[in-house]
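Secondary and tertiary structure notes
Here is how the chains run, residue by residue.
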Amino acid sequence: MALAHTILTVLCEQEASGYDISKQFEESMACYWTASQQQIYRELRRIEQNGWACCQVVPQHGKPDRKVYAITEAGRRELSQWASEPSMPTPIREDLLVKVLGGPYADPDQLLAEVQRRRGVHAGQLASYREKEALFLSQTDLPLQEQYRYLTLRRGILFEQEWILWCDEVIAFLEGLR
């Protein structure tokens, strides 16, 4: 997935500044896409150069002017074209899996501690996602965009649950070696 297409999707919902887009990434897309503010601002410049979004400068008192971006018709066409293309799974690059693979050559207690630590990280993220899920479930008659947002949150929840399940298997295995 290209960062540009993620930003265009955000701009389909409403006009936004780079800061607004960055907050959207943190609050509702972190379970499947992350980007730094620097990456977002760099990509916004490219999106504008491609004609996929236009920018309006909004003066602010005591602060730098705010650039607010809006998707253009060309941007909607690009997003539609991209959405019609098949997607492939993202290749996995996970150092914890390499550490477990190298388990026979490592200190088992250190590996156990690392897997337990990572389990805690995933449990914390799952708890955060569950809080967001509770907000979705407490609402009736969610707007269509929020229903789609909920589907992406569900994927994040399942992702964290699977990590916890796998960590539990590794922990049981390592404890069984003692």
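Up top you'll find the structure we're talking about.
Note that the structure is a prediction, hence the values are computed from the model and not measured. Position numbers for residues count from 1 along each chain, tracking the sequence in the order it is written. Under the rules for a predicted model, residues below a pLDDT of 70 receive no local features and side-chain atom pairs below 80 are neither given nor counted, while totals for whole chains, interfaces and linings still include all residues. Side-chain numbers come from the whole structure's heavy atoms, not from hydrogens or water.

Let's talk about the overall build of the protein
We count it as follows: In this description a helix means any DSSP run of H or I spanning at least four residues, a strand means any run of E spanning at least two, and both kinds are numbered starting from the N terminus. The reference for a compact globule is 2.2 Å times residues^0.38; the radius of gyration itself is calculated from the C-alpha atoms. We call a residue buried when its accessible area falls under 20% of the maximum for its residue type, exposed when it is over 50%, and partly exposed in between, using a 1.4 Å probe and counting protein chains only. Should any heavy atoms of two residues lie within 4.5 Å, those residues are counted as being in contact.
Per the secondary structure count, the protein includes seven helices and three strands. Ordered by position in the sequence, the α and β elements of the protein form the string α-β-α-α-β-β-α-α-α-α. Here the protein has a C-alpha radius of gyration of 21 Å; the compact-globule value for 178 residues is 16 Å, and the former is much larger. By principal-axis analysis of the C-alpha atoms, the protein measures approximately 65 × 45 × 40 Å. Within the span of the protein, comprising 178 residues, buried residues form 33% of the whole. Counting contacts in the protein only where the partners sit at least 6 residues apart, residues at least 24 apart contribute 58% of the total.

Let's talk about helix α2 (residues 18-29)
Formally: What the arc covers is the set of directions going from the helix axis to the C-beta atoms.
Within α2, burial applies to Gly18, Ile21, Ser22, Gln24, Phe25, Ser28 and Met29. Down the axis of α2, the buried set is contained in an arc of 165°. They therefore lie on one face. For α2, the secondary structure elements touched by its buried residues are α1 (3-13), β1 (16-17), α3 (37-49), β3 (66-71) and α7 (144-177).

Considering the pattern of salt bridges
This is how the line gets drawn: When a carboxyl oxygen of Asp or Glu lies within 4 Å of a side-chain nitrogen of Lys or Arg, that pair is called a salt bridge.
Throughout the structure, instances matching the rule amount to 12 salt bridges. The partner of Arg46 in a salt bridge is Glu43, with the nearest N and O atoms 3.0 Å apart. In this pair, Arg46 and Glu43 both sit in helix α3, three residues apart, roughly one turn of the helix. The partner of Arg117 in a salt bridge is Glu114, with the nearest N and O atoms 2.9 Å apart. Of this pair, Arg117 and Glu114 are both found in helix α6 (residues 108-137), three residues apart, which corresponds to roughly one turn of the helix. When its relative accessible area of 19% is taken as the criterion, Glu114 is described as buried. What you see here is one network of salt bridges that share partners, running through Glu13, Glu146 and Arg149.

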